[in-house]
Amino acid sequence: MKKNTIYHIYTGGALLLLTATLFFLAGFGKGARVTGYAGAPDDPRLADRFIVDRPEDAYRIWKKRGYRGRVVISFAQRLYFVEQSESAFIPRTMTFPVRPFNLSKPYEESLYTRNFLFVAMMTGVAREVIQVLPEQTYAERLKEIHSGEGITVTGTRISSPLVGSPRTITTIPFLPALDEPVLLFISASFFRSYTPEALLRELHKAGLKTDCVVLSGDSLFDADVTEEERERLHVFAKLIGASYGSN
Amino acid sequence: MAVINLKWPLLALLVLFLGVLLRIWGIPQQPPLLDEVNSAFAAINYMENGQFGPTMWYHPNLRNIVLYGVMEFFGHGPFALRGMSLLAGVLSIPLTGMIMYGLTRNRGASLLAAFLLAVEQVHITFSRQTIQETWTTFFFLLGVLLFIFYVKREKPWLLLLCGVVFGLGMASKFHALFPLLVCLAAGVRLAWKERSAARGMFVAACLVVVPLTVFLLTYIPWFGRGYGLMDWVTMQQALLMKMTAHRGNPMDQTIDIAAWQWFLRPMGYANFVFHEGRPFVTIAYSNPLVWLLVLPATVFQSWLLIRKRVAGEEARGGLFILTLFVVSYLPLAVSTRPMWLLSSLATIPFAFMVVALVITYWVDKVNWGKRALAGYVAVVLVSSAALYPLATGKGKHYGYLSSIVERFRPAFEGGRDDDVNR
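This one's a predicted model, so the numbers in the text were calculated from it and none came from an experiment.

What follows deals with the overall build of chain A. The secondary structure content of chain A amounts to 7 helices and 9 strands. Expressed as lengths along the three principal axes of its C-alpha atoms, the size of chain A is roughly 80 × 50 × 40 Å. In chain A, which comprises 247 residues, the proportion classed as buried is 53%. Taking as baseline every contact in chain A between residues at least 6 positions apart, the subset at least 24 positions apart corresponds to 76%. A total accessible area of about 11100 Å² is found for chain A, and carbon and sulfur atoms account for 56% of it. One finds the centroid of the 30 positive side-chain charges in chain A at a distance of 8 Å from the centroid of its 27 negative side-chain charges.

Time to look at the environment of isoleucine 240 of chain A. Residues and elements named next belong to chain A. Its place among the elements puts isoleucine 240 in helix H7 (residues 227-240). On the accessibility criterion, isoleucine 240 (1% relative accessible area) is buried. When the C-alpha atoms of isoleucine 240 and alanine 40 are compared, they prove to be 9.0 Å apart, with 200 residues separating the residues in sequence. What isoleucine 240 contacts, discounting residues up to four positions off in sequence, is Pro41, Asp42, Arg49, Leu200, Val213 and Leu215.

Its 17 residues give helix H12 (residues 229-245) of chain B an end-to-end C-alpha distance of 24 Å, which sits within 8% of 24 Å, the value for a rise of 1.5 Å per residue. Buried residues of H12 of chain B: Asp231, Trp232, Met235, Gln236, Ala238, Leu239, Lys242 and Met243 of chain B, and no others. For H12 of chain B, the buried positions fall inside an angular range of 160° around the axis, keeping them on one side. Lining the buried residues of H12 of chain B we find strand E3 (126-132) of chain A together with helix H10 (197-217) and helix H11 (220-223) of chain B.

Attention shifts here to the pairing of strand E6 (residues 167-170) of chain A. Residue and element names in this part refer to chain A. Residues Arg167 and Ile169 point to one face of E6 and Thr168 and Thr170 to the other, with burial holding for every one of them. One ladder, built from 4 bridges, connects E3 with E6; its direction is parallel. Across the sheet, valine 129 pairs through a bridge with arginine 167, a residue of E6. Here strand E5 (residues 157-159) pairs with E6 via 3 bridges, running antiparallel. Across the sheet, the residue bridging to serine 159 is threonine 168, located in E6.

What follows is about empty space enclosed by the protein. All names here are of chain B. In total, this model carries 3 cavities of 30 Å³ or more according to the counting rule given. Of the pockets and cavities examined, the largest cavity occupies roughly 40 Å³. Surrounding the largest cavity, Gln301, Leu304, Val310, Glu314, Leu357 and Tyr361 form its lining. Of all elements in the fold, only helix H14 (294-306) and helix H16 (348-365) reach the threshold of two or more residues within the lining of the largest cavity. Looking at side-chain class alone, the lining of the largest cavity contains 4 nonpolar, 1 polar and 1 charged residues.

Residue and element names in this part refer to chain B. Contact geometry of helix H7 (residues 133-153) with H16 gives a least axis separation of 10 Å together with a crossing angle of 55°. Here H16 runs oblique to H7, going by the angle between their axes. Seen from H7, the contacting residues are Thr137, Phe140, Leu141 and Val144; seen from H16, they are Pro349, Phe350 and Met353.

In this section: the side chain of glutamine 131 of chain A. With respect to the helices, strands and loops of the structure, glutamine 131 of chain A is situated in strand E3. With residues up to four places along the chain from it excluded, the contact list for glutamine 131 of chain A reads Ser74, Leu79, Phe81, Leu117, Arg167, Thr168, Ile169 and Thr170 of chain A.

Time to look at the packing of aromatic side chains. Applying the stated rule across the entire model yields 42 aromatic pairs over all chains. When the ring of phenylalanine 191 of chain A is compared with that of phenylalanine 236 of chain A, the centres are 5.6 Å apart and the planes differ by 45°; the resulting orientation is tilted. Linking phenylalanine 191 of chain A in the loop between strand E7 (182-187) and helix H6 (196-205) with phenylalanine 236 of chain A in helix H7, this pair joins segments that are 45 residues apart in sequence. Looking at phenylalanine 236 of chain A, the relative accessible area reads 0%, which means it is buried. Taken together, the ring pairs in this structure connect Tyr46, Phe52, Phe215, Tyr219, Trp222, Phe223, Tyr227 and Trp232 of chain B into an aromatic cluster. Over the aromatic face of tryptophan 192 of chain B sits the side chain of arginine 195 of chain B, whose NZ or CZ is 4.7 Å from the ring centroid.

The next point concerns the interface of chain A and chain B. Counting residues at the interface gives 60 residues for chain A, matched by 60 residues for chain B. Note on chain A versus chain B: buried area summed over both sides is about 5100 Å², and carbon and sulfur give 65% of it. Scanning the region where chain A abuts chain B turns up 2 salt bridges. Notably, a salt bridge pairs lysine 3 of chain A with glutamate 154 of chain B, separated by 3.2 Å at the nearest N-O pair. Summed over the shared surface of chain A and chain B, the number is 13 residue pairs in polar contact (both at pLDDT 80 or more). Listed by contribution, the elements that provide at least two residues to the side of chain A that touches chain B are helix H1 (3-31), helix H4 (116-122) and E3 of chain A. Its residues placed into classes, the side of chain A that touches chain B shows 31 nonpolar, 19 polar and 10 charged.

Let us now look at the nonpolar core. With 170 residues, the main nonpolar core has Trp62 of chain A together with Leu207, Tyr219 and Trp262 of chain B as its most contacted residues. In terms of residue count, H16 of chain B provides more of this core than any other element does, 13 residues in total. Setting aside chain neighbours within four positions, we find tryptophan 62 of chain A in contact with Tyr67, Val72, Phe116, Leu117, Ala120, Val125, Leu183, Phe185, Cys212 and Val214 of chain A. In terms of nonpolar packing, the next biggest core, distinct from the first, is built from 29 residues, Ile130, Val132, Leu199 and Ala237 of chain A among them.

Next up on the list: the sheet that holds strand E8 (residues 210-216) of chain A. Hydrogen bonds between backbone groups are what pair the strands of a sheet, and the pairing can be parallel or antiparallel. All names here are of chain A. One open sheet accounts for 9 strands, arranged E4-E5-E6-E3-E2-E7-E8-E1-E9; its pairing is mixed. Here the strands that pair on one side only, and so sit at the sheet edges, are strand E4 (152-153) and strand E9 (243-244). Bridge analysis of E4 against E5 gives 2 bridges, and the strand direction is antiparallel. Bridging across to E5, threonine 152 finds its partner in serine 159.

Residue and element names in this part refer to chain B. On the secondary structure map, glutamine 129 appears in the loop between helix H6 (121-127) and H7. Overall, glutamine 129 belongs to the buried group, its relative accessible area being 2%. Ignoring anything within four residues of it in the chain, the contact list for glutamine 129 reads Leu33, Glu36, Arg82, Ser85, Asn271 and Thr282.

What counts, and where the lines are drawn
- Residues numbered from 1 in each chain as written.
- Chains lettered and ligands numbered in written order.
- Predicted model: local features only at pLDDT ≥ 70, side-chain atom pairs only at ≥ 80, totals over all residues.
- Heavy atoms only, no water.
- Helix = DSSP H or I, 4+ residues; strand = E, 2+ residues; numbered from the N terminus.
- Buried < 20%, exposed > 50% of the residue type's maximum accessible area, 1.4 Å probe, protein only.
- Contact = heavy atoms within 4.5 Å.
- Areas by Shrake-Rupley, 256 points an atom, 1.4 Å probe, with all protein chains shown as cover.
- Lys, Arg positive; Asp, Glu negative; His and termini not counted.
- Charge placed at Lys NZ, Arg CZ, Asp CG, Glu CD.
- Expected span 1.5 Å × (residues − 1).
- Arc of directions from axis to C-beta.
- Pairing = 2+ DSSP bridges.
- 1 Å grid on protein atoms, 1.4 Å probe; cavity = no way out; pocket = protein on both sides within 12 Å on 5 of 7 lines; lining within 4 Å.
- Points joined across faces, edges and corners; volume = space filled by probe spheres on them.
- Nonpolar A, V, L, I, M, F, W, Y, C, P; charged D, E, K, R; others polar.
- Axes fitted to C-alpha atoms, helices over the stretch in contact; angles between N-to-C directions.
- Parallel < 35°, antiparallel > 145°, perpendicular 65-115°, else oblique.
- Phe/Tyr/Trp six-rings, centres within 6.5 Å; stacked < 30°, edge-to-face > 60°.
- Lys NZ or Arg CZ within 6 Å of the ring centre and 35° of its normal.
- Buried area = accessible area lost by both parts, 1.4 Å probe.
- Salt bridge = Lys/Arg side-chain N within 4 Å of Asp/Glu carboxyl O.
- Polar contact = N/O pair within 3.5 Å; in protein donor to acceptor, adjacent residues only side chain to side chain.
- Core = buried A, V, L, I, M, F, W, Y, C linked by side-chain atoms within 4.5 Å.

See the structure below:
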């Protein structure tokens, strides 16, 4: 066989292999996401719309529902992303044999109000977290955070990936357009700056699709959340047809 | 009947044996370092959760994949966790010699280069740890050797295999990119000289497309977290940003962090654990009798080539080796971020090749050359033996090493401030 023909065969083969790999990885990744029926937050066919007292119950619901590999969008004053170092879980081993284990379990066991989005990311429920803050809160955050190792700050977004997993802090006008349904979490604290109707309008405007909405009254653990904000949350819940317990 | 000259093979075997011995001696008694424990957790975290971390999360993941498999079959003991590093470290020795020989046909230089790597305390220290640095060195050395075979034998499958191996190197650490680029440039140049577009595309396919495919495939567990291709691109950007901005972790040492000084003065890298109630410190420490020759040898070798004092195969081989060293070292040397000594494994095989080439040039030129070489080898052997206890954690038992051990003490008594941005 002529040399050039052989070269062409190898070249074609390599390109075919790369193409097949790309298709495989794209399909494999997409296939790993666990989703349910998706629609607008007030779509009456939406099965999963919950009201909870504690924000971390959102994680428990997602876990129970088997959601995996999802984009989570949180609307709240707080970030619920207090990071836990693995060194707290990894025993100080000074001799062999080393005894490693899966870190998902201790991450889950460390779940509490202020870290439930972090736990969602570390356990694979969330592959990406987008945290939407009210504009004023975002402006205050901008003063505290500056670009550094791995953190990118622009006027409209703060990108702060966690071990390579994307995490964005932004405001409603700059919500990214997404072509997949998200897991939606809304805290009563967000209604300090928005009315229920205005928020629903913005969610429609953004074209947001979801298969699970969790509303948190933050009743038990957040003294900053006022009764008025909780009342607005319940108005929002009525707008979208959510109630305590599952639908 | 032809007499088979066994001198060179026997010497090569002796060098290899020495390298094996220095790397495996006392392995079971060496307690696990924090990075090694975390590597075991990282392997499970990656393979079962598709998640990076807890250690060195910004590096590629071949280590996690292989370590997971090794632990499944061989457990979690010292040889299981360190086995790949040991193997990669040992095999790098004959690979160094074979590359030299393939490029220059100079037996003496080849053996000397292999010897210098075999007894190099820095390479020994890291071969004894569960980290990916020695793997990267092994893969890119194997890749370069396969490239040389391809050029000499013109068998296309060799270049394909070369691409696969470089892909595995890239999947260990990005340092494999530098020798890959050199091979790619050399391959394209050959195709250009032949005016063969088909050959040029074939070279690009083997040395760009194939390594990329292998590199991508090592991210299968990560894709299993639900990510898409654009997510992968974004993630690689995040990793690159982290790597280029990395200033170290709180307990990382704050001295000897400039790559441009590697070949200007002795430098070290220390790891510390508490074992049986006492600190156990391993220190990788460069041998000045070898490392301080690197830059002068580089300059001299360049001069030889410019002045055409060497010709033919040795000149071409010498130029290729010089290029491999310069291309693998320069990006690290000019980097503004801290560069610890473990990154030097990306350059020292090529650095030692340059040194060996220049030394053997002079051995041939002067009457007392062979005696001088024997003397140099003896001195390097003695100095390597003197530094060896640092690799096994016994440095503090030897008074003459105490000043080196003490030099790294401040790194363990204080740390840096955590990054407050988060």
